[in-house]
Amino acid sequence: MKVIISHNQYNLIKESYRNEGVNAIIKYWKKELKKGNEIRFDRDELEYWGITEFTDKVDARTAFQELVGDEVFTKKDLQTAKNTKAGSLIFKKVITGQDSGISARVIVVMTPKLVEELKSSKNLSLGTDYQVIELFPGYPGVPETWIGALKGLDAMEKMEKEKKIPPTVAIIPSINVVPGLDTECLNIPGTSDVETWLTNDMKTFAQRFIGIDDRKWSAFGYSTGGWCAAEIGIRHQDQYSSAVSLAGYFSPTFSAGITSSERAVLRKEYDLVATLHSQPNSLQMLAIYSHQNDFESKSLFTFQKKVNDVLALKTVEIPEGGHNIKTWQPYVYTGFEWIAGLGQLTN
């Protein structure tokens, strides 16, 4: 079905834009899109949005989507998502971050119980019983690492069935967005604002795409992604309530492509110890490590000594060692269990 805005609707939206901002428009059109309606413009609307009457219809729609967000969740997304045998849905999107300007892939996973809620809802609502976890791979990893090698989705499905975790939305963004450079999830002036991409942009995307509310998330990462989870969790406690570092470290190591002057600035900016001592902290953190991984364990112990009085940090030592996914994959369960608040973990 095509939807052409009537004159009255147009004036209403125009007035809403003036008085309430773009969120009023987003809310209106998300409702229409969820009904299965398609956006279409008449001449007045094209002129209002700054589009000439000669603009191709596709370009007109694109221009509108740039304003309200092109990630609106529709029935078509349900039809095109990948279904797992256990009943989860996997959505793969390429988006452009509103604040960072980064264009890259994002995977969204919904576990089976959440999918049931979504499909039974008349307006494609998630309901209220769910958690949000943002997952970070290592370098030079890809989002699929969490579905494939780390078997994160298998773990979530099994644990949800066993009632060890609540229904879950997993947001899995690309973290390696600058070819040949390990940005370590930092905002590097003149290069790329990856921290902004992973925080502000992911929250905006998740809220627009599937209607996630303002509840806090958890961050969980492996290797370099473990550093990302710690960094982002500590620096954005308004967005994250917990963070899990799996074989991660706690201060940036800096890629060979980052200059010495950039390192000096970034080292000060991303000093997590200084950050924790400069602010009140509500974050809960879990670090899973091995003594056989010398660099990561030393980084953890140095960090832990300096923040014990300002950060709720739990540690779990594993007997195995070696920096490979097979060693660490079983402990994905440990991280998910702890996030859900059901783990019996001690320092």
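Residues numbered from 1 in each chain as written. Predicted model: local features only at pLDDT ≥ 70, side-chain atom pairs only at ≥ 80, totals over all residues. Heavy atoms only, no water.

A.B. asks: Outline the pattern of salt bridges, supporting the account with residue identities and numerical values.
C.D. replies: Under the defined criterion, the tally for this structure stands at 9 salt bridges. Here Lys92 makes a salt bridge to Glu144, at a shortest N to O gap of 3.7 Å. Placement of the pair is Lys92 in strand 4 (residues 89-96) and Glu144 in the loop between strand 6 (131-136) and helix 7 (152-161), with a sequence separation of 52 residues. Exposure remark for Lys92: the relative accessible area of 54% places this residue in the exposed category. Taken together, the salt bridges that share partners define one network made up of Lys92, Arg105 and Glu144. (Salt bridge = Lys/Arg side-chain N within 4 Å of Asp/Glu carboxyl O. Helix = DSSP H or I, 4+ residues; strand = E, 2+ residues; numbered from the N terminus. Buried < 20%, exposed > 50% of the residue type's maximum accessible area, 1.4 Å probe, protein only.)

A.B. asks: Could you give an account of the sheet that holds strand 3 (residues 82-83), with specific residues and numbers?
C.D. replies: Ordered by their spatial adjacency, 9 strands build an open sheet running 3-4-5-7-6-10-11-12-13, and the pairing between neighbours is mixed. Edge positions in the sheet fall to strand 3 and strand 13 (312-317), since each has one partner strand and no second. Here helix 8 (residues 194-210) sits on the sheet in contact with strand 4, strand 5 (103-110), strand 6, strand 7 (168-173), strand 10 (217-222) and strand 11 (240-246), set at roughly 55° to strand 5. (Pairing = 2+ DSSP bridges. Contact = heavy atoms within 4.5 Å. Axes fitted to C-alpha atoms, helices over the stretch in contact; angles between N-to-C directions.)

A.B. asks: Go over helix 9 (residues 224-235) with me, naming the residues and quoting the values.
C.D. replies: In this model helix 9 runs 16 Å from its N-terminal to its C-terminal C-alpha over 12 residues, within 8% of the 16 Å that 1.5 Å per residue would give. Burial within helix 9 is extensive, with 11 of its 12 residues counted as buried. Buried residues of helix 9: Thr224, Gly225, Gly226, Trp227, Cys228, Ala229, Ala230, Glu231, Ile232, Gly233 and Ile234, and no others. (Expected span 1.5 Å × (residues − 1).)

A.B. asks: Describe the nonpolar core, listing the residues and the values that go with them.
C.D. replies: Judged by nonpolar contacts, the single largest core of 64 residues is most densely connected at Ile171, Trp197, Ile212, Met285 and Phe303. For this core, the leading source of residues is helix 8, giving 8 residues. Here Ile171 is in contact with Val106, Ile107, Val108, Val132, Ile133, Glu134, Leu135, Met202, Ala206, Ile212 and Trp217, once residues within four sequence places are set aside. Core analysis: the next-biggest nonpolar cluster, separate from the first, contains 29 residues, Ile90, Val244, Leu246 and Leu286 among them. (Core = buried A, V, L, I, M, F, W, Y, C linked by side-chain atoms within 4.5 Å.)

A.B. asks: Explain the confidence of the model for the protein residue by residue, including any values.
C.D. replies: Summarising the model, the protein shows a mean pLDDT of 84, and 77% of its residues fall at 70 or more. In this model residues 53-63 is a low-confidence stretch, pLDDT under 50, and it forms 11 contacts with partners more than four residues away in sequence or in other chains. Note that pLDDT drops below 50 for residues 66-70; the model gives that stretch 9 contacts with residues more than four away or on any other chain. (pLDDT = per-residue confidence, 0-100.)

A.B. asks: Hey, could you go over the pairing of strand 10 for me, with residue numbers and the actual values?
C.D. replies: Buried residues dominate strand 10, accounting for 6 of its 6 residues. Where strand 6 meets strand 10, 4 bridges bridge the pair, whose relative direction is parallel. Counted as the bridge partner of Phe136 is Gly221 from strand 10. Here strand 10 runs beside strand 11; their pairing, made up of 6 bridges, is parallel. Bridge assignment links Gly221 to a residue of strand 11, and that residue is Ser245.

A.B. asks: Break down the packing of aromatic side chains for me, citing the residues and quoting the values.
C.D. replies: Applying the stated criterion across every chain yields a total of 10 aromatic pairs. Between Phe205 and Phe209, the ring centres sit 5.3 Å apart and the planes meet at 10°, which makes this aromatic pair stacked. Here Phe205 pairs with Phe209, and both are found in helix 8, just 4 residues apart, close to one helical turn. In terms of burial, Phe205 and Phe209 fall into one category: buried. Judged by centre distance (6.0 Å) and plane angle (0°), the rings of Trp227 and Tyr249 are stacked. (Phe/Tyr/Trp six-rings, centres within 6.5 Å; stacked < 30°, edge-to-face > 60°.)

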